[in-house]
Amino acid sequence: MAKYEVMFITKAGLGDQEKEAILKQVTETITKNEGKVTKKDLWLDKHRLTFSIKKQKEGTYFLVEFNIPEGAVIKLNQAWRLSESILRFQVIRLGNN
């Protein structure tokens, strides 16, 4: 299993319950693909974007660290690309452990 982190951006005007639901959706996607979430945080709340994404000028940033088999990252990318609640995301491999 390799260690990864994902940073994703959602719409800024969401309530606390909606933010929790999106974070839960992301963590469930990781665990369904044999991964284990090690850290999850609301990184920046209601931050102005440099350029608009899907007609949004502000976004909320989340950061999630997790361990997962290397081949499963492709499945995560596919699932998150189809999610309407996630404006943009980036998965980064942190190390071999």
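Each remark here, short or long, concerns the structure printed above.
Residues numbered from 1 in each chain as written. Predicted model: local features only at pLDDT ≥ 70, side-chain atom pairs only at ≥ 80, totals over all residues. Heavy atoms only, no water.

1. Describing the packing of aromatic side chains
Line of reasoning, step 1. This structure, assessed with the given rule, holds four aromatic pairs.
Line of reasoning, step 2. The interplanar angle of 10° and the centroid separation of 5.0 Å between the aromatic rings of Phe8 and Phe62 together place this pair among those described as stacked. Within this pair, whereas Phe8 is found in strand β1 (residues 2–11), its partner Phe62 is found in strand β3 (residues 56–68), the two being separated by 54 residues in sequence.
Line of reasoning, step 3. The class for Phe8 is buried, based on a relative accessible area of 1%.
Line of reasoning, step 4. Geometrically, the ring pair formed by Trp43 and Tyr61 is edge-to-face, given 5.9 Å between the ring centres and 75° between the ring planes. In this pair, Trp43 sits in strand β2 (residues 36–53) while Tyr61 sits in strand β3, placing the two residues 18 residues apart along the sequence. (Phe/Tyr/Trp six-rings, centres within 6.5 Å; stacked < 30°, edge-to-face > 60°. Helix = DSSP H or I, 4+ residues; strand = E, 2+ residues; numbered from the N terminus. Buried < 20%, exposed > 50% of the residue type's maximum accessible area, 1.4 Å probe, protein only.)

2. Brief notes about the pairing of β3
Remember that side chains alternate between the two faces of the sheet whenever the strand is regular.
Line of reasoning, step 1. Counting buried positions along β3 gives 10 out of 13 residues, so the element sits mostly inside the fold.
Line of reasoning, step 2. Sheet analysis places β1 next to β3, joined by 10 bridges and oriented antiparallel. When the sheet's bridge partners are listed, Ile9 is paired in β3 with Tyr61.
Line of reasoning, step 3. Judged from the 10 bridges that link them, β2 and β3 form a sheet pairing that is antiparallel. (Pairing = 2+ DSSP bridges.)

3. Side note on the environment of Asp16
Line of reasoning, step 1. For Asp16, the location among the structural elements is in helix α1 (residues 16–32).
Line of reasoning, step 2. A relative accessible area of 61% means that Asp16 is categorised as exposed.
Line of reasoning, step 3. Between the C-alpha atoms of Asp16 and Phe51, which are 35 residues apart in sequence, the distance is 25 Å.

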